[in-house]
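Structural overview
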Amino acid sequence: MKDFYNSTTRATRLWNPYTQTMSREKLDELHLRRVQLLIKHAYQNTSFYRRLYDQAGIKPEDVRTWDDFYHKVPFTDKPDLIQDQESRGRFETYPYYAAQALPDSSIHQFFTTAGTTGTPFRYNVSYYDSVKFGTSWAYQWWEVGVRSGDSAYLCFDFGKWVGMWVYYWTCRQLGVTIYSGAGLHSEERVREILRFRPTVVIGMPTYILHLGIVAQEMGLDLREAGVKHLIGGGEAGFNVPLTRQEMIRLWGATPTEAYGIGECGIGGMECSAHAGGVHDIEDNFHAYSIDPESGERVAGGQIGENIISSYVRTSQPFIKYRTHDLVERHYDEDHGCGSSWAFLKGTVLGRTDFMVKIRGVNIYPTAIENLLGQIEGVTRYYEMHIGRQNGLDQLLVKVEAQDGVPAESYKSMASQAETFYRTSLGVRVGVEVVAPKALPRYELKTKRIFDHRPK
C-alpha cells in the first residue's frame with residue numbers, strides 16, 4: 001500500500017499542480033468551455049433543461065461569452081428540481097430522478113435527502129460521478145499530507161446521504177485504510193479510535209467535538225490516539241475559531257474544513273496554510289456570487305449567494321444552481337499555499353433561507369455561536385427558537401451550561417448573555433441557560449433553528 005503512488009508523486013503537495021496554479025485568465029477560459037459543454041449535455045439529454053432553456057429563448061450555441069452565461073442562462077433551484085421530479089409520478093410506481101441525463105443502466109448509486117420541505121429529493125450518480133466525487137476530497141486530503149498507507153476512522157452510519165459515501169470513495173482513491181464506526185455508540189467509537197490510532201478521523205464538526213467531550217467523561221484522552229487530522233463538513237464548526245480551538249485541545253489534531261453541496265459535490269477545500277476558509281475546487285465546479293435579491297453578480301471580496309455549475313454530475317446536471325449559501329469570494333487571496341483557485345473567507349457565512357430577521361436585523365447561526373464562545377460558563381451546544389409575540393418576531397437562544405456550573409447561576413449567565421447580544425447585534429435576543437446534556441445530540445447535521453411562528 002505504501003507504493004500506491006511513486007515517490008515523486010507522493011512528494012508533490014498539490015493534487016493537480018497544473019490547474020491549481022493556473023492564472024485566472026486561463027482558468028476563466030477553461031471554465032467557459034466546460035460550462036458550454038455542460039449546457040449542451042443538459043439540453044440534449046434532459047427534458048428539464050430543454051424546457052427551461054426553450055422558455056428562456058436560448059440554445060446552447062447562444063452561450064458564447066461570460067456575459068451570455070450570467071445574463072441569459074436562467075438559475076436553477078432545488079424546488080424547481082423537486083417539482084420536475086414530482087411531475088413524473090410517484091416514487092413507488094416509477095423512481096424518476098429530476099433532470100436525469102443518463103439512462104438507468106449508467107447509474108452507479110442512488111440517494112435521497114429528507115429535505116427541509118419534507119419532500120425527499122432523489123439524486124443519483126454514475127460511476128464516473130462517484131470517481132469525480134472522491135477526487136474532490138482528494139485535493140484537500142493530499143494537500144494537508146494524507147497519503148496511501150494512512151488510515152481513516154469514519155464516525156457515521158452509511159445511509160442515503162451521499163456525503164458520507166464520498167469520504168469512502170476518497171479513501172479508495174488514495175489507498176487509505178478504512179476503519180468504519182458504523183452502528184456503534186460514541187463510547188465504543190472512542191475506544192476504537194484509541195485502539196486503531198487512525199491518521200484521520202472523519203465526521204460532522206459538532207459530533208467530533210462531542211466525541212472529545214465523551215472521552216473526557218470516560219476518563220480517556222483522545223490525544224493519545226495520535227490522530228493528525230480531523231476532517232468533515234456539512235455544518236459550521238471547523239472554521240469557527242473558538243470551536244476549532246476546543247477541538248485542538250481535546251484531540252491534539254488539526255481540524256480541516258470541507259465545503260460540500262450534497263447533491264452537487266464537494267465545492268471547497270481548506271488548504272494546509274489554513275487562512276480561515278476554503279478554496280473553490282475549480283477542476284470540478286464553476287462558481288460565482290450574486291446579490292440574492294437582484295441576481296446580479298457581485299465583485300470579489302463582497303458577500304453574496306454562491307452559484308455553482310458542477311462538472312462532477314453527468315447523470316443529473318446542476319447548472320447555475322442556487323445554493324443559498326452566503327460566501328465572501330476572493331480571487332487574489334495569497335496566503336502562502338500556492339493555489340490560484342478562488343478563496344471563500346470564513347467558508348459559509350450564513351444562508352439566505354436560514355437567516356433570522358429580528359426587527360430588521362439579519363442574524364445567522366454562526367454569529368450566535370461565535371458570540372456564545374465569549375460567554376463564560378456555557379458550552380457550544382445551543383438552539384435558536386423563533387416565535388412571535390404581539391405581532392413581533394422574537395428570538396430565544398437555549399444554551400447548555402458547562403459541567404460543574406451551579407444551577408442558581410443560570411439566570412445571571414442568561415442575563416449577561418442577553419446584554420452581550422444586544423450590544424453586539426443591536427437587537428434583543430432572549431437567552432435560556434439549560435443543564436448539561438439537556439439538548440439533543442446529532443450524529444449528522446445538527447439542527448439549530450426551530451421556527452414556532454404561525455405559517
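On to the overall build of the protein chain. Within the protein chain one finds 13 helices and 20 strands. Its C-alpha radius of gyration of 23 Å places the protein chain within 12% of the 23 Å reference for a compact globule of 455 residues. Along the first, second and third principal axes, the C-alpha atoms of the protein chain reach 70 × 65 × 50 Å. A burial count over the protein chain gives 53% of its 455 residues as buried. Counted over contacts in the protein chain with a minimum sequence separation of 6, partners at least 24 positions apart contribute 70%. Element-wise, carbon and sulfur atoms account for 50% of the exposed surface of the protein chain, whose accessible area totals about 20,000 Å². Between the averaged position of the 51 positive side-chain charges in the protein chain and that of its 54 negative side-chain charges there is a distance of 2 Å.

The subject of this paragraph is the state of the cysteines. Applying the stated criterion to the full structure yields 0 disulfides. Cysteine Cys155 remains unbridged, with the sulfur of Cys171 as its closest cysteine sulfur at 12 Å. The structure places no disulfide on Cys271, whose sulfur is separated from the nearest cysteine sulfur, that of Cys337, by 3.9 Å. On the accessibility criterion, Cys271 (3% relative accessible area) is buried.

Turning to the packing of helix α10 (residues 205–217) against helix α11 (residues 241–251), a few remarks are in order. In contact at an axis separation of 10 Å, α10 and α11 are set at 40 degrees when each is read in the N-to-C sense. In terms of orientation, α10 lies oblique with respect to α11. Seen from above, α10 lies across α11 with left-handed handedness. Contacts between α10 and α11 involve Pro205, Ile208, Leu209, Leu211, Gly212, Ile213 and Gln216 from the former and Thr243, Glu246, Met247, Arg249, Leu250 and Trp251 from the latter.

A word on the pattern of salt bridges. Counting across every chain of the model gives 16 salt bridges. In this structure, the salt-bridge partner of Asp28 is Arg24, at a minimum N-O distance of 3.7 Å. Note that Asp28 and Arg24 are positioned in helix α3 (residues 24–45) at a spacing of 4 residues, about one turn of the helix. You can call Asp28 partly exposed: its relative accessible area is 29%. Asp68 is the partner of Lys72 in a salt bridge, and the nearest nitrogen-oxygen pair spans 3.3 Å. With Lys72 and Asp68 both in helix α5 (residues 66–72) and 4 residues apart, the pair spans about one turn of that helix. Taking the relative accessible area as the measure of exposure, Lys72 reaches 43% and is therefore partly exposed. Residue classification places Asp68 among the buried positions, given a relative accessible area of 10%. Ionic contacts of the salt-bridge type, sharing partners, join the residues Arg24, Asp28 and Glu282 into one network.

Moving on: the packing of aromatic side chains. Here the structure, examined in full by the defined rule, presents 19 aromatic pairs. Here the aromatic rings of Trp66 and Tyr70 are separated by 5.6 Å at their centres, their planes lie at 20 degrees, and the arrangement is stacked. With Trp66 and Tyr70 both in helix α5, this residue pair falls 4 residues apart, about one helical turn. Among the aromatic residues, those joined into a ring-pair cluster are Trp15, Tyr139, Trp142 and Trp341. Between the NZ or CZ atom of Lys320 and the centre of the ring of Phe75, over which it lies, the distance is 4.3 Å.

Time to look at the confidence of the model for the protein chain. The predicted model of the protein chain has a mean per-residue pLDDT of 86, with 91% of residues at 70 or higher. The model gives residues 114–118 a pLDDT under 50, and that stretch makes 4 contacts with residues more than four places away or in other chains.

Relative to the elements of secondary structure, Tyr5 occurs in the segment before α1 (7–11). Judged by its relative accessible area of 17%, Tyr5 falls in the buried class. Discounting residues that sit within four places of it in the chain, Tyr5 has contacts with Arg10, Trp15, Trp142, Ser148, Gln173 and Leu174.

Turning to the nonpolar core, a few remarks are in order. Residues Tyr53, Phe69, Trp141, Ile193, Ile202, Leu230 and Trp251 are the most contacted members of the largest nonpolar core, which totals 92 residues. Those residues in contact with Phe69, other than ones at most four positions away along the chain, are Val35, Ile39, Val63, His286, Tyr288, Ser309, Ile319 and Lys320. In terms of nonpolar packing, the next biggest core, distinct from the first, is built from 24 residues, Leu371, Val378, Ile386 and Val433 among them.

To continue, consider the packing of helix α7 (residues 127–144) against helix α8 (residues 162–174). Contact geometry for α7 and α8: axes closest at 8 Å, N-to-C directions at 70 degrees. Classed by the angle they form, the pair α7 and α8 counts as roughly perpendicular. Across the interface between the two elements, Ser130, Val131, Phe133, Gly134, Thr135, Trp137, Ala138, Trp141 and Trp142 of α7 pack against Val162, Gly163, Val166, Tyr167, Trp169, Thr170, Cys171, Gln173 and Leu174 of α8. Of the residues that constitute the contact of α7 with α8, the class distribution is 12 nonpolar, 6 polar and no charged.

Procedures and definitions
Each chain has its residues counted from 1, running along the sequence as written. The predicted origin of the model limits local features to residues at a pLDDT of at least 70 and limits the giving and counting of side-chain atom pairs to 80 or more, whereas totals for whole chains, interfaces and linings rest on all residues. Side-chain measures were taken over the full set of non-hydrogen atoms in the model, leaving aside hydrogen atoms and water. Strands are runs of DSSP state E lasting at least 2 residues, helices are runs of H or I lasting at least 4, and numbering of each runs from the N terminus. In this description the radius of gyration comes from C-alpha coordinates, and the expected globular size is given by 2.2 Å times residues to the power 0.38. Burial classes: relative accessible area under 20% of the type maximum marks a residue as buried, over 50% as exposed, and values in between as partly exposed (1.4 Å probe, protein chains only). Any two residues whose heavy atoms approach within 4.5 Å are treated as being in contact. The accessible surface values rely on the Shrake-Rupley method and a 1.4 Å probe; as for residues, cover is taken only from the protein chains in view. In this tally, Asp and Glu contribute negative charge and Lys and Arg positive charge; neither His nor the terminal groups of the chain are included. Note on charges: their place is set at NZ of Lys, CZ of Arg, CG of Asp or CD of Glu. For this text, the term disulfide refers to a pair of cysteine sulfurs within 2.5 Å. Axis definition: a line fitted to C-alpha atoms, limited for helices to the stretch in contact. Angles are taken between N-to-C directions and run from 0 to 180 degrees. Any angle between 65 and 115 degrees counts as roughly perpendicular, while under 35 counts as roughly parallel, over 145 as roughly antiparallel, and the rest as oblique. Crossing handedness follows the turn of the near helix against the far one: under a right angle anticlockwise gives a left-handed crossing, and clockwise gives a right-handed one. One side-chain nitrogen of Lys or Arg within 4 Å of one carboxyl oxygen of Asp or Glu is enough to make a salt bridge. Side-chain rings of Phe, Tyr and Trp, where Trp is taken by its six-membered ring, are said to pair if the distance between their centres is within 6.5 Å; with planes under 30 degrees apart they count as stacked, over 60 as edge-to-face, and otherwise as tilted. Over a ring means this: the NZ of a Lys or the CZ of an Arg is within 6 Å of the ring centre and within 35 degrees of the ring normal. As a per-residue quantity, pLDDT reports the predictor's confidence and falls between 0 and 100. Here, nonpolar core refers to any group of buried Ala, Val, Leu, Ile, Met, Phe, Trp, Tyr and Cys residues whose side-chain atoms link them within 4.5 Å. Under the scheme applied, nonpolar residues are Ala, Val, Leu, Ile, Met, Phe, Trp, Tyr, Cys and Pro; charged residues are Asp, Glu, Lys and Arg; polar residues are all the others, including Gly.

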